[in-house]
Amino acid sequence: MSEPLETRYDPGANEEKIYKLWEKSGYFNPDKCIEDGVTQKEAEVFSIVLPPPNVTGNLHMGHAAMLAVEDILVRYARMRGKRTLWIPGTDHAAIATQSKVEKLIKKEEDKSRHDLGREEFLKRVNVFAKESHDTIVRQIKAMGASVDWSREAFTLDEPRSLAVRTAFKKMYDAGLIYRGNRVINWDPKGQTTVSDDEVVYEERKAKLYTFRYSKDFPIPVATTRPETKVGDTAVAVHPDDVRYKKYVGEEYDVEFAGVPLHIKIIADPAVDKEFGTGAVGVTPAHSHTDWEMAERHKLPLKQIIDEKARMMTPEVPALNGKKVLEAREFILMWLKENDLLLKEEETTQNVAAAERTGGIIEPLPKLQWFVDVSKQFDRETLKQMMRRVVTDGEIKIIPERFEKTYYHWIDNLRDWCISRQIWYGHRIPVWYRGEELYVDVDAPEDKGWEQDPDTLDTWFSSGLWTFSTLGWPNETNDLKTYHPTILLETGYDILFFWVARMILMTGFILDQVPFRTVYLHGLVRDEKGKKMSKSLGNAIDPLVMSEKYGADATRLSLIVGAAPGNDIKLSEDKIRGYRNFATKIWNAARFVLMNEPEGFDTAILKNWVPETKKDEGYLKELTDVKREVAEHIEKFELHLAAEKAYHYFWHTFADKIIEAQKPALKSGEEKDKLGSYVLLRKILEECLVMLHPFMPFVTEAIYRRIYPEGLLMVKKWED
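Everything numeric here is computed off the predicted structure, so don't read it as measured data. (Residues numbered from 1 in each chain as written. Predicted model: local features only at pLDDT ≥ 70, side-chain atom pairs only at ≥ 80, totals over all residues. Heavy atoms only, no water.)

### A short note on the overall build of the chain
Then, number 1: Of regular secondary structure, the chain possesses 23 helices and 27 strands.
Then, number 2: Principal-axis analysis of the C-alpha atoms gives the chain an extent of 110 × 60 × 55 Å.
Then, number 3: Counting over 719 residues, the chain shows a buried share of 57%.
Then, number 4: For the chain, long-range pairs separated by at least 24 residues make up 76% of all intrachain contacts whose partners lie at least 6 apart in sequence.
Then, number 5: Positive and negative side-chain charges of the chain, numbering 103 and 117 respectively, have mean locations separated by a distance of 2 Å. (Helix = DSSP H or I, 4+ residues; strand = E, 2+ residues; numbered from the N terminus. Buried < 20%, exposed > 50% of the residue type's maximum accessible area, 1.4 Å probe, protein only. Contact = heavy atoms within 4.5 Å. Lys, Arg positive; Asp, Glu negative; His and termini not counted. Charge placed at Lys NZ, Arg CZ, Asp CG, Glu CD.)

What follows is the structure in structure tokens.
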């Protein structure tokens, strides 16, 4: 006799207890599944890594959506008998974490990291990161994620540090990592470089100024940043612009706002003939585009803005040391006084800012470490390799429309600046002694060497995630068995940040793809379609929702209606609605189990054959639905799979089949009662299997009452 269910399902009383039961079983670990015969050693592999959440705070609804999607796929694979591995971990998130701790220290102690010193500051960051990590782990468990905790990793732990140093050395030796002077994105507020992908753009009103350098300078130019013009070394026009053809190749000496300039007229296809006057002042030291033009035309470089975003013009003391906006006013006044300002007009421009600090980006020339994406290795460049693995179908991106976005990014990819002027992160494995330079996995043994003070871009370490978590650089069994991983599931907003960099790093280091399929989920927005944020007051906390309505309801609310790559609108009402579904599952199961006949033996279920055409029809419909749900899951159409399972259970099983069997259960002959009960029991158990990946807690709670020694999480999903 099954243990009776309580009159109502209480997620709070069940979820933590059930998760501990899963953990104790050891079945999150595929090795334990093989040891106990749950999975065959030669079974097909399903491997996936958890995109590691940043140790900067709590998980948000985007993380909850990610966990829900991945756990559905993992639980389904495990129940299908696959050798299933899901590796968890967290990301040290370098700039994001350091910035957060710096703000806390400033607020609480009115001190900077420099006041504390590197060693003490890093102690504080590590304490913060550990506390945040522990919170994140609790939250991942609360969402029901069946990750293999025995293989948990951290992007800054020692095994990952070894992987980072080894990868750096391998790429340096191949000539793909180099140190050089290039124009980079400089964050004056954070006092560090940031990558192109960590720059956010805000559209603002601006003024476009048209002017001449001097009375006799033949070509007027237009700019929104007149303060940078004291660093110009050329004026560029389009090669096909007939207005200026006769001037190309000419050179002029002018004194602009007291600064002597030597200007050469060049023709370059990067110039837009239609913008402004069709001619632009080229400032190689303070523009990525201008730097590239200067490289093509061998122009000199003149830096006139420093790391604090102040002017460097010692030849003009009145301008020297001024902030850029003050310098703009100075230049404009000079242009007006000298009757050189031809026009002012309103325009809009995208202002670049550092994502983490909000500092306005200044392109500056600096000596930094870079990954050369255009240098050939093994018959192709990194850019070509990154494109090839997708065009050849080695990696499939879902939805397919994001392939175009991916290609566009690669086509515009510049050398990747990987050095950061921050303290928290992987220290660059390079040492200097005078003019000597030493690059290796470990420090040199003799004395007099100083390590490079910079750290690596956080995406360098997370770019190794699929294989560093499997033990590389050691040749482990895990690496041989589970890599390449089968799937990477993540938000479309980090396609470039992370997905592309993993393809880059894995392609070079292992000559493999990191994953076979990329599944991109959308952003979670509020019910009006606005992005959720604490500042707007519209953020929904997944843990609060799980405590109120259960993790199952929270998970399902993030799946239904969420096609791959599409944003999802979420409200508390929607979550509440799926709490009602969990209740429906519980009540239906309770009704069935309450009607168990005396002496019923579960062995009957295995060989039972329905006696009526109607019952045959019920079982065939269930088989068809279960097959369709499986097909949707395998095609990564989880939203359709969830809807199909939901509608079948509620509207077919609960509303029709149970209702149709009630008369026989209440007043029928013993034979009829048994037939009706076995039919309901068989469908119920099949439904528990089908619903488990989506609603793991409530289904496991019911299953454990039926089979106290069993675990639904490893019950075979059969066709």
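### Points about the sheet that holds strand 8 (residues 221-223)
Picture the strands of a sheet paired through backbone hydrogen bonds; they go either parallel or antiparallel.
Then, number 1: The antiparallel open sheet is built from three strands, whose spatial order is 8-7-13. The open sheet has two edge strands with one neighbour each: strand 8 and strand 13 (341-354). Mean inter-strand twist for the sheet, computed between neighbouring axes without regard to direction, equals 25 degrees.
Then, number 2: Pairing of strand 7 (residues 199-211) with strand 8 involves three bridges; the strand directions are antiparallel. Pairing of Phe211 across the sheet is with Val221, part of strand 8. (Pairing = 2+ DSSP bridges. Axes fitted to C-alpha atoms, helices over the stretch in contact; angles between N-to-C directions.)

### Details of the side chain of Thr97
Then, number 1: Inspection of the secondary structure puts Thr97 in helix 4 (residues 94-109).
Then, number 2: Accessibility expressed as a relative area gives 0% for Thr97, which makes it buried.
Then, number 3: Residues in contact with Thr97, not counting those within four places in the same chain, are Val55, Thr56, His92, Val125, Phe128 and Tyr424.

### Brief notes about the pattern of salt bridges
Then, number 1: Under the counting rule described, the total for this entry stands at 60 salt bridges.
Then, number 2: The shortest N-O distance in the salt bridge between Arg414 and Glu292 comes to 3.9 Å. Taken together, the residues span a long stretch of sequence, with Arg414 in the loop between helix 11 (402-411) and strand 18 (416-417) and Glu292 in helix 8 (residues 288-297) at a distance of 122 residues.
Then, number 3: Arg414 gets classed as partly exposed once you look at its relative accessible area, which sits at 27%.
Then, number 4: When salt bridges with common partners are traced through the structure, they connect Asp31, Asp148, Arg151 and Asp478 into a single cluster. (Salt bridge = Lys/Arg side-chain N within 4 Å of Asp/Glu carboxyl O.)

### Describing the packing of helix 1 (residues 11-25) against helix 23 (residues 696-706)
Then, number 1: Put simply, helix 1 and helix 23 touch, their axes get as near as 10 Å, and they point 75 degrees apart. Taken together, the axes of helix 1 and helix 23 are roughly perpendicular relative to one another. The segment helix 1 lies against helix 23, with Asn14, Glu15, Ile18, Tyr19, Leu21 and Trp22 engaging Pro696, Phe697, Glu700, Ala701 and Arg704.
Then, number 2: Tallied by class, residues from the contact of helix 1 with helix 23 come to seven nonpolar, one polar and three charged. (Parallel < 35°, antiparallel > 145°, perpendicular 65-115°, else oblique. Nonpolar A, V, L, I, M, F, W, Y, C, P; charged D, E, K, R; others polar.)

### Description of the packing of aromatic side chains
Then, number 1: Tallying each qualifying case throughout the model produces 32 aromatic pairs.
Then, number 2: On the basis of an interplanar angle of 55 degrees and a centroid distance of 6.3 Å, the ring pair of Phe168 and Phe460 is categorised as tilted. Remark: Phe460 occurs in helix 12 (residues 458-462) and Phe168 occurs in helix 7 (residues 158-173); sequence separation between them is 292 residues. In this structure, Phe168 and Phe460 share a single accessibility class: buried.
Then, number 3: Counting every residue linked through ring pairs, the aromatic cluster contains Phe211, Tyr213, Phe217, Tyr252, Phe256 and Trp334.
Then, number 4: Its guanidinium or amino end placed over the ring of Phe370, Arg182 lies 5.8 Å from that ring's centre, counting from NZ or CZ.
Then, number 5: For Lys366, the ring lying beneath its charged end belongs to Trp186, and the centroid distance is 4.7 Å. (Phe/Tyr/Trp six-rings, centres within 6.5 Å; stacked < 30°, edge-to-face > 60°. Lys NZ or Arg CZ within 6 Å of the ring centre and 35° of its normal.)

### Points about the nonpolar core
Then, number 1: Counting residues in hydrophobic clusters, the biggest one holds 107 residues, and the most contacted among them are Met61, Phe581, Phe653 and Ile683.
Then, number 2: Of all the elements, helix 3 (residues 61-79) adds the most residues to this core, at 13 residues.
Then, number 3: Among residues more than four places away in sequence, those in contact with Phe653 are Val592, Tyr648, Ile658, Leu680, Ile683 and Leu684. (Core = buried A, V, L, I, M, F, W, Y, C linked by side-chain atoms within 4.5 Å.)

### Side note on the side chain of Ser468
Then, number 1: Within the secondary structure layout, Ser468 lies in helix 13 (residues 465-468).
Then, number 2: Its relative accessible area of 2% is what places Ser468 among the buried residues.
Then, number 3: In this structure, Ser468 is in contact with Arg160 and Ala163, ignoring residues within four places of it in sequence.

### A closer look at the packing of helix 20 (residues 613-634) against helix 21 (residues 638-667)
Then, number 1: As a packed pair, helix 20 and helix 21 sit with axes 8 Å apart at the nearest point and diverge in direction by 165 degrees. As summarised for this structure, helix 20 and helix 21 are arranged roughly antiparallel, according to the angle between their axes. For the element pair helix 20 and helix 21, the recorded crossing hand is left-handed. Packed against helix 20, whose contacting residues are Asp615, Tyr618, Glu621, Leu622, Val625, Glu628, Val629, His632 and Ile633, the element helix 21 presents Leu638, Leu640, Ala641, Lys644, Ala645, Tyr648, Thr652, Ile657, Ala660 and Gln661 at the interface. (Left-handed = near helix turned anticlockwise from the far one by under 90°.)

Just geometry here; none of it tells us what the structure is for.
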